[in-house]
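For reference, the chains in residue letters:
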Amino acid sequence: MAKDSTLMDAIVSLCKRRGFVFQSSEIYGGLNGLWDYGPLGVELKRNIKDAWWRDMITTHDELDQPEGSPRKFQMVGIESSIIMHPRVWKTSGHYDLFHDQMVDCRTCKARFRADHVASSECPQKPSKCPGEHETCELTEPREFNLMFETYIGAMRDEDNKAFLRPETAQGMFVNFKNVVDSNRVKLPFGIAQQGKSCRNEITPRNFTFRTREFEQMEMEFFCHPEESPKWYAYWRDRRFKWYTDLGIDPEKLILRDHEQDELSHYSVGTADVEYAFPFCDEGEFGELEGVAHRGDFDLRSHMEGKLVRQGDELVVEQGEDGKPKYPGSGKDLTYFDDETKERFVPHVIEPAAGADRTVLAFICNAYTEETITNDKGKEEARIVMKFHPRIAPYKVGVFPLLKNKPELVAKAREVCNLLRPHMAVFYDEGGAIGRRYRRQDEAGTPYGVTIDFETLGENDSADKDTVTLRDRDTMEQTRMAISELLAFLLEKIR
Ligand code: GAP
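As the structure is a computational prediction, the values presented were derived from the model and not from experiment. (Residues numbered from 1 in each chain as written. Predicted model: local features only at pLDDT ≥ 70, side-chain atom pairs only at ≥ 80, totals over all residues. Heavy atoms only, no water.)

Asker: Summarise the site of the ligand; cite the residues concerned and give the values.
Answerer: Around the ligand, 20 residues are found, and the nearest of them are Glu167, Glu201, Thr211, Glu218 and Glu287. Contact between the ligand and Glu350: a nitrogen atom at 3.0 Å from a side-chain N or O atom of the residue. Between the ligand and the protein, one listed contact pairs a nitrogen atom with a side-chain N or O atom of Arg357 at 3.4 Å. Taken by itself the ligand offers 550 Å² of open surface, and the protein chains cover 89% of this. Among the elements that make up the shell around the ligand, the one with the highest residue count is strand β13 (residues 286-295) (five residues). (Near = heavy atom within 4 Å. Polar contact = N/O pair within 3.5 Å; in protein donor to acceptor, adjacent residues only side chain to side chain. Areas by Shrake-Rupley, 256 points an atom, 1.4 Å probe, with all protein chains shown as cover. Helix = DSSP H or I, 4+ residues; strand = E, 2+ residues; numbered from the N terminus.)

Asker: Can you break down empty space enclosed by the protein residue by residue, with the values?
Answerer: Empty space among the atoms becomes visible once a probe the size of a water molecule is rolled across them. Tallied over the full model, the rule gives one cavity of 30 Å³ or more. Each pocket or cavity is described by its volume, and for the largest cavity that value is around 40 Å³. What lines the largest cavity is simply Phe399, Tyr437, Gln440, Asp441, Thr445, Pro446, Tyr447, Gly448, Arg470, Asp471 and Arg472. If one sorts the elements of the lining of the largest cavity by residue count, helix α11 (residues 433-443) sits on top with three residues. (1 Å grid on protein atoms, 1.4 Å probe; cavity = no way out; pocket = protein on both sides within 12 Å on 5 of 7 lines; lining within 4 Å. Points joined across faces, edges and corners; volume = space filled by probe spheres on them.)

Asker: Describe the packing of helix α1 (residues 5-17) against helix α9 (residues 355-366), and please don't skip the residues or the numbers.
Answerer: The geometry of a pair of packed helices is captured by two quantities: the angle between their axes and the separation between those axes. Two elements in contact, α1 and α9, have axes separated by 11 Å at closest approach and are oriented at 110°. Viewed along their axes, α1 and α9 adopt a mutual orientation that is roughly perpendicular. For the pair α1 and α9, contact is made by Met8, Ile11 and Cys15 and by Leu360, Ile363 and Cys364, respectively. Of the residues contributing to the contact of α1 with α9, the split by class is six nonpolar, no polar and no charged. (Axes fitted to C-alpha atoms, helices over the stretch in contact; angles between N-to-C directions. Parallel < 35°, antiparallel > 145°, perpendicular 65-115°, else oblique. Contact = heavy atoms within 4.5 Å. Nonpolar A, V, L, I, M, F, W, Y, C, P; charged D, E, K, R; others polar.)

Asker: Provide a residue-level description of the sheet that holds β13, including the pertinent values.
Answerer: Strand order across the open sheet formed by seven strands is β3-β9-β10-β18-β13-β12-β11, with mixed pairing between neighbours. The sheet terminates laterally at β3 (74-77) and β11 (253-257), the two strands that pair on one side only. Taken over all neighbouring pairs, the strand axes of this sheet differ in orientation by 20° on average, direction set aside. Note: β3 against strand β9 (residues 189-198), four bridges, orientation parallel. (Pairing = 2+ DSSP bridges.)

Asker: So what about a nonpolar patch on the surface? Which residues, and what values?
Answerer: Where nonpolar side chains cluster on the molecular surface, the patch consists of Ile82, Ile83 and Ile152 and spans about 230 Å² of accessible area. Counting through the fold element by element, Ile82 comes out in the loop between β3 and α3 (86-92). (Patch = residues over 30% accessible without salt bridge, like charges linked within 9 Å, V, L, I, M, F, W, Y side chains within 5 Å. Salt bridge = Lys/Arg side-chain N within 4 Å of Asp/Glu carboxyl O.)

Asker: Give me the packing of aromatic side chains: which residues, what numbers.
Answerer: Tallying each qualifying case throughout the model produces 27 aromatic pairs. The interplanar angle of 70° and the centroid separation of 5.3 Å between the aromatic rings of Phe209 and Phe277 together place this pair among those described as edge-to-face. Of this pair, Phe209 sits in the loop between β9 and β10 (213-223) while Phe277 sits in the loop between β12 (269-275) and β13, placing them 68 residues apart in sequence. Here Phe277 falls in the buried class, since its relative accessible area comes to 2%. Summarising the aromatic geometry, the rings of Tyr234 and Trp235 are spaced 5.1 Å apart at their centres and angled 65° between planes, so their arrangement reads as edge-to-face. The exposure class of Tyr234 is buried, given its relative accessible area of 7%. Among the aromatic side chains, those forming a connected cluster through ring pairs are Phe73, Phe221, Trp231, Tyr234 and Trp235. (Phe/Tyr/Trp six-rings, centres within 6.5 Å; stacked < 30°, edge-to-face > 60°. Buried < 20%, exposed > 50% of the residue type's maximum accessible area, 1.4 Å probe, protein only.)

Asker: I'd like to hear about the nonpolar core, residue by residue, with values.
Answerer: Residues Phe20, Phe221, Trp235, Trp242, Phe277, Ile363 and Phe387 are the most contacted members of the largest nonpolar core, which totals 57 residues. Among the elements that take part in this core, α9 stands out by supplying eight residues, more than any other. The residues touching Phe221, leaving out its near neighbours within four places in the chain, are Phe73, Met75, Pro188, Phe189, Gly190, Trp231, Trp235, His347, Val348 and Ile349. Residues Val425, Tyr427, Ile451 and Ile482 belong to the second largest nonpolar core, which totals 22 residues. (Core = buried A, V, L, I, M, F, W, Y, C linked by side-chain atoms within 4.5 Å.)

Asker: So what's going on with the layout of surface pockets? Which residues, and what values?
Answerer: When its volume is computed, the second largest pocket comes out at roughly 660 Å³. Around the second largest pocket, the lining comprises 20 residues; the ones closest to its centre are Asp55, Pro66, Arg238, Lys241 and Asp245. Of all the secondary-structure elements, those providing two or more residues to the lining of the second largest pocket are α2 (39-58) and α7 (228-245). The dominant element in the lining of the second largest pocket, judged by the number of residues it contributes, is α7, at six residues. Here the lining of the second largest pocket is built from residues that sort into five nonpolar, four polar and eleven charged.

What follows is the structure, given as structure tokens:
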């Protein structure tokens, strides 16, 4: 797929025009790398997060062995705080290592990520890469920690410094013992969480793809070290399938295993789920999710202190005084298996997805421009967002054929009241019916229901109490009894 800036521009424009995504604080000129969701965007994102939560937690049956899984397992959720104890980030390695290299231009004062210079634009005209204008004067790369800092309490000094979390994962590791002790969960089990994370990205870009505040959907799966390779393979494949089950075009999605030199310092193996976004160059993809085998790195770090690799071993890093540089909690985070009477540090498999990137992938995947022949036999352009019904912001649009016919409006309201307790319904009585359909096509509403004179049984119509049901993608219109509508729609949005 070639990079398609025109397509991306059209998608960004639709997102603003229809209220999916707005620039943060736009009336004040906006803030780079920060975005807001509008009325349609918030529903879409909520539905995507719900689909993930349902898949991970609500519909998981611990007495049943899911297809392809090594064995039965338990799944629970938590919600941890965004500001955590500063020691969490010291032992996890983020304080010392969560850096990007940045370069500054002394001439134009712009700042770039060192590894993005070749694909960045110098603000000077004509458009070139940083360093390519004669006047460019780039500094040597310097390290820049991506964690946002804040202060707890009134004193703004080192002792009270804290960080906005750059990932939700640590919330699961530090609560491992709490969850085991309070919920009687047994290995293997997963702890899932969704929530905001913040990273002071040097060069946020590509719309909502790389932002400074974003939401993650992460799950930490704790298992016996010997079983961990099988669980890694299971979660890697299962997470890939989640995207295609919800309608992502499999031709635009890849599962890419990391090369050895790409692996994080703790990772035994990682695979990324990546999507061919329109802003990607030919053959390139953008990461939606990383599935990592993290070994025992995290639980050991929070027990013993910050770890470093020494040959094949992970050892506690020593400070100049020969003591642990950043001591752990000292709490016992081992697991005792009642059946085998074995005590060990569980290994962790982590599928870590970005909710906002996933939303963007679903938006790009849904965006379709078509040429259709209208009622008058003329060709016209149609933009339609072909979302899977489960994630579509609204599931059904309800339209009285005419707004000035009280009987039609009353019947349409009756249909809304029938459906609304079960799904998001959009009621629209304004304008020609064709225009109302088009508006819902752009919003991605999979079904339209029109209440017309047949519905009212005028002229002894045999179609009394039936409606016109329009399919967004095929534009086919059929008649359906109002009494069958709810069951039909519920089946489609399941
Ligand atoms: N706990 C592991 C972890 O956080 P990560 O690859 O850094 O791993 C996981 O982040 C996911 O979070 C990414 O695959 C991506 O979808 C999302 N993500 C990370 N940084 C982001 C950013 N600046 N803007 C939007 N999403 C981001």
